[in-house]
Amino acid sequence: YLAAQIHFERKNLNVAEQLLTGIQPGTPVYLYAQYTLSIVNLELGKTEAAVENLNTVVSDTTMDVGERLLQDAANVKLGHIYFEAGDKFRQAVEAYSRVEVGSPYGDEALLATAWAWGRVNKPEICREVVDRLIVSYPESPYQPEAHLLKGYALMLLKRYREAITALEKCLQLT
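Parameters and conventions
Residues numbered from 1 in each chain as written. Predicted model: local features only at pLDDT ≥ 70, side-chain atom pairs only at ≥ 80, totals over all residues. Heavy atoms only, no water. Helix = DSSP H or I, 4+ residues; strand = E, 2+ residues; numbered from the N terminus. Buried < 20%, exposed > 50% of the residue type's maximum accessible area, 1.4 Å probe, protein only. Contact = heavy atoms within 4.5 Å. Areas by Shrake-Rupley, 256 points an atom, 1.4 Å probe, with all protein chains shown as cover. Lys, Arg positive; Asp, Glu negative; His and termini not counted. Charge placed at Lys NZ, Arg CZ, Asp CG, Glu CD. Phe/Tyr/Trp six-rings, centres within 6.5 Å; stacked < 30°, edge-to-face > 60°. Lys NZ or Arg CZ within 6 Å of the ring centre and 35° of its normal. Axes fitted to C-alpha atoms, helices over the stretch in contact; angles between N-to-C directions. Parallel < 35°, antiparallel > 145°, perpendicular 65-115°, else oblique. Left-handed = near helix turned anticlockwise from the far one by under 90°. Expected span 1.5 Å × (residues − 1). Arc of directions from axis to C-beta.

### Concerning the overall build of the protein chain
The secondary structure content of the protein chain amounts to ten helices and zero strands. Reading the protein chain from its N end, one meets helices and strands in the order α-α-α-α-α-α-α-α-α-α. C-alpha atoms of the protein chain, sized along the principal axes, occupy 55 × 30 × 30 Å. A total of 174 residues make up the protein chain; the buried ones form 43% of that total. When contacts within the protein chain are restricted to residue pairs at least 6 apart in sequence, those whose partners lie at least 24 apart make up 46%. Surface exposure of the protein chain reaches about 9,700 Å², of which carbon and sulfur atoms provide 55%. When the 17 positive and 22 negative side-chain charges of the protein chain are each reduced to one mean point, those points stand 7 Å apart.

As structure tokens, then:
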């Protein structure tokens, strides 16, 4: 696994892929290898393989805290892949929603969920999700973008005074 990580960092993606593929289920680093392999596959343009790798991580029934965090990271990455596909917003929201509030990845998952709802023209749901992010993660680096998205959603809802307040808050935070 360590050798694969070194090759991955050096952008020797084919060698990293070969080494990571050789790591067998049941080994202590298997889920980590699958996560790294998903990134390698994305870099190599193998989106379906990356989704498979991430689903392997997500579907594990671990109770280990470190592996739970890895699953949160995998759910966010999986959500991003679905979001970027342009027509899989439901799957994106499902992946993001598997990340618990309180997780270090929770703020990113909430922000991405809000963007997905905005993308399918559901500004009220978008605003509600952004409000959860703002309240649940007051120190998040995503706060400025959250206020920007909230302002956008409020504009779509024709609540212009509230939109101005949200956008001013965005400017204040940047």
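### A look at the packing of aromatic side chains
All chains considered together, the criterion is met by one aromatic pair. A cation over a ring is seen here: Lys-11 above Phe-8, with NZ or CZ 5.8 Å from the ring centre.

### What about the environment of Gly-106?
Structurally, the position occupied by Gly-106 is in helix H7 (residues 106–119). When near neighbours in sequence (up to four residues on either side) are disregarded, Gly-106 contacts Val-99, Glu-100 and Tyr-137.

### So, the environment of Gln-18
Looking at the element boundaries, Gln-18 is found in helix H2 (residues 13–21). Judged by relative accessible area, which is 62%, Gln-18 ranks as exposed. As for Gln-18 and Leu-37, which are separated by 19 residues in sequence, their C-alpha atoms are 9.4 Å apart.

### Overview of the side chain of Thr-113
Tracing the backbone shows Thr-113 in helix H7. Non-local contacts of Thr-113, meaning those with residues more than four positions away in its chain, are made with Val-93, Tyr-96 and Val-129.

### Some details on unusual backbone geometry
The phi torsion at Lys-11 lies on the positive side, around 65°, for a residue other than glycine. Mapping Lys-11 onto the fold places it in the loop between helix H1 (2–9) and H2. The exposure class of Lys-11 is exposed, given its relative accessible area of 54%. One non-glycine residue with positive phi stands out, namely Lys-158, at about 60°. In this fold, Lys-158 is placed in the loop between helix H9 (143–156) and helix H10 (160–173). The exposure class of Lys-158 is exposed, given its relative accessible area of 62%.

### Brief notes about the packing of helix H4 (residues 47–59) against helix H5 (residues 65–85)
Any two packed helices are characterised by how steeply their axes cross, that is the angle between the axes, and by the distance between the axes. Where H4 meets H5, the axes come as close as 9 Å, and the angle between the chain directions of the two elements is 150°. When the interaxial angle is binned, H4 and H5 end up roughly antiparallel. In this structure, the crossing between H4 and H5 has a hand that is left-handed. Contacts from Thr-47, Ala-50, Val-51, Leu-54, Asn-55, Val-57 and Val-58 in H4 reach Leu-70, Gln-71, Ala-74, Asn-75, Lys-77, Leu-78, Ile-81 and Tyr-82 in H5.

### A few points about helix H8 (residues 123–136)
With 14 residues, H8 ought to run about 20 Å at 1.5 Å a step, and its terminal C-alpha atoms sit 20 Å apart, in line with that. Within H8 the residues assigned to the buried category are Pro-123, Cys-126, Arg-127, Val-129, Val-130, Leu-133 and Ile-134. Burial along H8 is one-sided: seen end-on, the buried residues are contained in an arc of 165°. Lining the buried residues of H8 we find H7 and H9.

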